[in-house]
Each structure stands twice: as C-alpha cells, then as structure tokens.
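# Analysis of the macromolecular model
Residue-level listing of the chains:
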Amino acid sequence: MIQDELFALQDTEYAAFQSKLTPNIPRESIIGVRVPQLRKLAKRIGKSKESQEFLLALPHAYYDENMLHSLLISEIEEFDECIRALDVFLPFVDNWAVCDIISPKIFKKNREKAIVNILSWIKSNHTYICRFGIGMIMQLYLEDEYFKKSYLDIIAEIKTEDYYINMMRAWLFQVALVKKWEITIKYIENNSLDIFTHNKTISKSCESYRIDKEKKEYLKTLRRK
C-alpha cells in the first residue's frame, strides 16, 4: 500500500519543518517525506496498477500523498490523459507546495495544445487552480518562441486579494523582467498591477541574481505606497 510506503520514509523533523512552510495544512496530515524520496517513489511506481488506483483515490488523507500525486501526474506521458488527471486532482489541491511541484513533462512537447487548458485554469476561482495556471505560463511561455504579451496582460488584469495567487503573479513578473525586460518593465512603470503584486515583483527582482544592479536600482525608484 502506497500510504505504508510513505510512512516507511517518514522523517518527523522534516515534517515539523514543512508544517511551518504550509501553515494552512494541519500538522497531523504531514507524514514528513522529503521530496527526493517522493520523486524516487513516483519513478518506481509510475505506471503500476497501484499507481493508477492511487490517482483515483481522492481525496487523500495526507499532504505527502498529494505531493506524490502531483509528481505522478507530472510523469504522465500521454497529453489527454495528463489533462484528465489534472482536472480531477486540481480541485483537491489545498496548498502552494503541492500546487507548485506539479510540472507535467508532456506540456513541453504540447505547448500549443496546453495553453487552452492553462488559460482556462487561470480563470478559476479556486486559489490553486489559478496559481497552477499562472505557474505554467511562467515555466513554459516566457521564451521567445512561445511568448505572447497577451499572457502578461491576462495575468496583470487578475483582480484578487488572494495572497497565494498574487505571490505567483509577482513571481511570474519577476521572471518576465529577467527574460523580457523591455516589455515587462512597462507594467511596473504604468502601475498596471495592484500595489501588493507590484511591490512584491520589485522585491523579488531585487533579490534575483539574474537582474543586474542598475536595473535593481531603477526598480527601487518605482516602489508604490
């Protein structure tokens, strides 16, 4: 049983540490399996019957089961199967860590198809479905060949006070400043983002080693009160 395998990998000190990073998750629901161990388990059981049954056994009782679920989805090799698995699982995602570790490899080979679903997820009222969609734009669509300014427009226009959505928006704009400075800086100069996301984008950018000192100094002049 997969749950038994997870408990066999338990690290209680790590569980306590992870609980501090995900304060909205009850401490008792965290087994404490480190991510490298989860990745090894996902690789080992990926195509097994047990794995397929596990993917259908929702909701899971433990945070670590959700983390493993995310990693198993990321390994699915057939695009439509991956989309179906995501649509079933995403409504059950209840924290940033489980959300952010989902990274379907098959999307890299199917960006033109995946964008339809990604833009739909971004429109969701569910915190982590929306956050996941934004994260996929950040991961897959800021490179020259796949970039469209309209993606930045869509994310800039999101109106929410949700902390976890706005943190991901800020992260995306920080990465966009690295990869598309001339286009992205206009969103900061024109105050296109809400104050929280605007200032958090600047803070993240000033912490980034991929943005040079001169640009960081300029960004600091654009902070809003």
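Quick note: structure is the one above.
## Side note on the side chain of N66
- Structurally, N66 can be placed in helix α5 (residues 63–74).
- Once residues within four sequence positions are removed from consideration, N66 is found in contact with H60, F89 and V98.

## Observations regarding unusual backbone geometry
- Each neighbour pair has its own omega, and for L58 with P59 the value is 0 degrees, a cis peptide bond.
- Along the chain, the position of P59 falls in the loop between α4 (49–56) and α5.
- In this structure, N191 takes a positive phi of about 55 degrees despite not being glycine.
- Structurally, N191 can be placed in the loop between α12 (181–189) and α13 (195–207).

## Overview of helix α3 (residues 35–45)
- Along α3, the residues classified as buried are L38, L41, A42 and I45. What you see down the axis of α3 is that its buried residues fit within an arc of 100 degrees, all on one side. Across α3 from its buried face, at more than 90 degrees, point the exposed residues P36, K40, K43 and R44.

## Here we look at the layout of surface pockets
- Its boundaries defined by the atoms lining it, the largest pocket holds a volume of some 240 Å³.
- If you list the elements that add at least two residues to the lining of the largest pocket, you get α3 and α4.
- Among the elements that make up the lining of the largest pocket, the one with the highest residue count is α4 (3 residues).
- Per-class residue counts for the lining of the largest pocket are 4 nonpolar, 3 polar and 6 charged.

## Remarks on the nonpolar core
- The biggest cluster of nonpolar side chains holds 75 residues, and the ones touching the most others in it are L68, F107 and I118.
- No other element matches the 9 residues that helix α9 (residues 127–140) contributes to this core.

## As for the packing of aromatic side chains
- Counted under the stated rule, the structure contains 10 aromatic pairs.
- Ring plane angle 55 degrees and centroid distance 5.3 Å describe the contact between W121 and F132, whose orientation is recorded as tilted. Highlighted residues: W121 in helix α8 (residues 111–122) and F132 in helix α9, separated in sequence by 11 residues. In this pair, the class of W121 matches that of F132, namely buried.
- For the ring pair Y128 and Y164, a centre distance of 5.9 Å and an interplane angle of 45 degrees mean the geometry is tilted. Pair noted here: Y128 is in helix α9 and Y164 is in helix α11 (residues 163–179), with a separation of 36 residues, a long-range link.
- Linked through ring pairs, F79, F107, W121 and F132 together constitute an aromatic cluster.
- Here the guanidinium or amino end of R111 rests over the ring plane of Y146, the centre of that ring lying 4.1 Å away.

Cut-offs used in this document
Residues numbered from 1 in each chain as written. Predicted model: local features only at pLDDT ≥ 70, side-chain atom pairs only at ≥ 80, totals over all residues. Heavy atoms only, no water. Helix = DSSP H or I, 4+ residues; strand = E, 2+ residues; numbered from the N terminus. Contact = heavy atoms within 4.5 Å. Buried < 20%, exposed > 50% of the residue type's maximum accessible area, 1.4 Å probe, protein only. Arc of directions from axis to C-beta. 1 Å grid on protein atoms, 1.4 Å probe; cavity = no way out; pocket = protein on both sides within 12 Å on 5 of 7 lines; lining within 4 Å. Points joined across faces, edges and corners; volume = space filled by probe spheres on them. Nonpolar A, V, L, I, M, F, W, Y, C, P; charged D, E, K, R; others polar. Core = buried A, V, L, I, M, F, W, Y, C linked by side-chain atoms within 4.5 Å. Phe/Tyr/Trp six-rings, centres within 6.5 Å; stacked < 30°, edge-to-face > 60°. Lys NZ or Arg CZ within 6 Å of the ring centre and 35° of its normal.

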